[in-house]
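Examining the three-dimensional arrangement
If you want the building blocks of each chain, they are given just below.
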Amino acid sequence: DCTVASQAGFGVWLVQKAQAELHGCTVPRCGRSSVVAFEQARLDVHGSLLADGSPHAICARGDARVSVRDTRIERAEIRAIYAYHSAHLEVAGSTICGARHAEVAAVQIDSLRPGDAGRVTLAACNTFADNAGGDLSVTGNVQRDVECEVDERVATDFGAFSWRARY
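The present account deals with the structure reproduced in this document. The shown structure was predicted, so the numbers you read here are calculated from the model rather than taken from an experiment. (Residues numbered from 1 in each chain as written. Predicted model: local features only at pLDDT ≥ 70, side-chain atom pairs only at ≥ 80, totals over all residues. Heavy atoms only, no water.)

**Points about the pattern of salt bridges**
- Scanning the entire structure with this criterion turns up seven salt bridges.
- Between D44 and R69 there is a salt bridge; the shortest N-O distance is 2.8 Å. Taken together, the residues span a long stretch of sequence, with D44 in strand 6 (residues 42–46) and R69 in strand 9 (residues 65–69) at a distance of 25 residues.
- Since its relative accessible area comes to 15%, D44 is described here as buried.
- Given a relative accessible area of 27%, R69 falls into the partly exposed group.
- Note that E74 and R72 form a salt bridge whose closest N and O atoms lie 2.5 Å from each other. (Salt bridge = Lys/Arg side-chain N within 4 Å of Asp/Glu carboxyl O. Helix = DSSP H or I, 4+ residues; strand = E, 2+ residues; numbered from the N terminus. Buried < 20%, exposed > 50% of the residue type's maximum accessible area, 1.4 Å probe, protein only.)

Below you can see the structure in the form of structure tokens.
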């Protein structure tokens, strides 16, 4: 159990091959994203609360691997979770609610560069609620396994997004 806060920077910043387990932790509003995992970092968040992330509660880039289980992510300024390049994201038994930005989904996974290969797994036992820009956006070369009901922002041919499609 822990509480991690930062007034000016990331709450937790993982780079290269760093690993962290946040079990039973609270990460309140930080000066930047609550938790970031870059390059080959590994992050396991279990039974935790991430509140008021700015701009994101969790940001994963490169070949990062992120697992979020039995966790509540609430009131993110832009996105609850943003994963891009070849990041892998798994979310199970968690609640993602109140993401405040109307132009982007609460969970966004992008693998747009040549050679990128992202992955997202959202288990059936997740709860999404009151996310201003929808729940999920997936673009590019992303393997997806989505078992739960989400409001998904769907990309159009010209790169803009239609409003929402229920899946």
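Here the narrative resumes, following the displayed structure.
**Structural notes on the sheet that holds strand 1 (residues 2–3)**
- Judged by pairing direction, the sheet is parallel, and its six strands sit side by side in the order 1-4-7-10-13-16 without closing on themselves. Looking at which strands have only one partner, the edges of the open sheet turn out to be strand 1 and strand 16 (127–129).
- Alignment of strand 1 against strand 4 (residues 25–27), held across two bridges, turns out to be parallel. Bridge pairing in strand 4 places C2 opposite C25. (Pairing = 2+ DSSP bridges.)

**Things to note about the state of the cysteines**
- By the definition in use, this model includes one disulfide.
- Across a sulfur-sulfur distance of 2.2 Å, C2 and C25 are joined as a disulfide pair. The disulfide joining C2 to C25 has a torsion of about 110° about its S-S bond and is therefore right-handed. Separated by 23 residues along the polypeptide, C2 in strand 1 and C25 in strand 4 bring together distant segments of the chain.
- Residue C25 is classed as buried on the basis of its relative accessible area of 4%.
- Cysteine C97 remains unbridged, with the sulfur of C148 as its closest cysteine sulfur at 14 Å.
- We classify C97 as buried; its relative accessible area is 10%. (Disulfide = S-S within 2.5 Å.)

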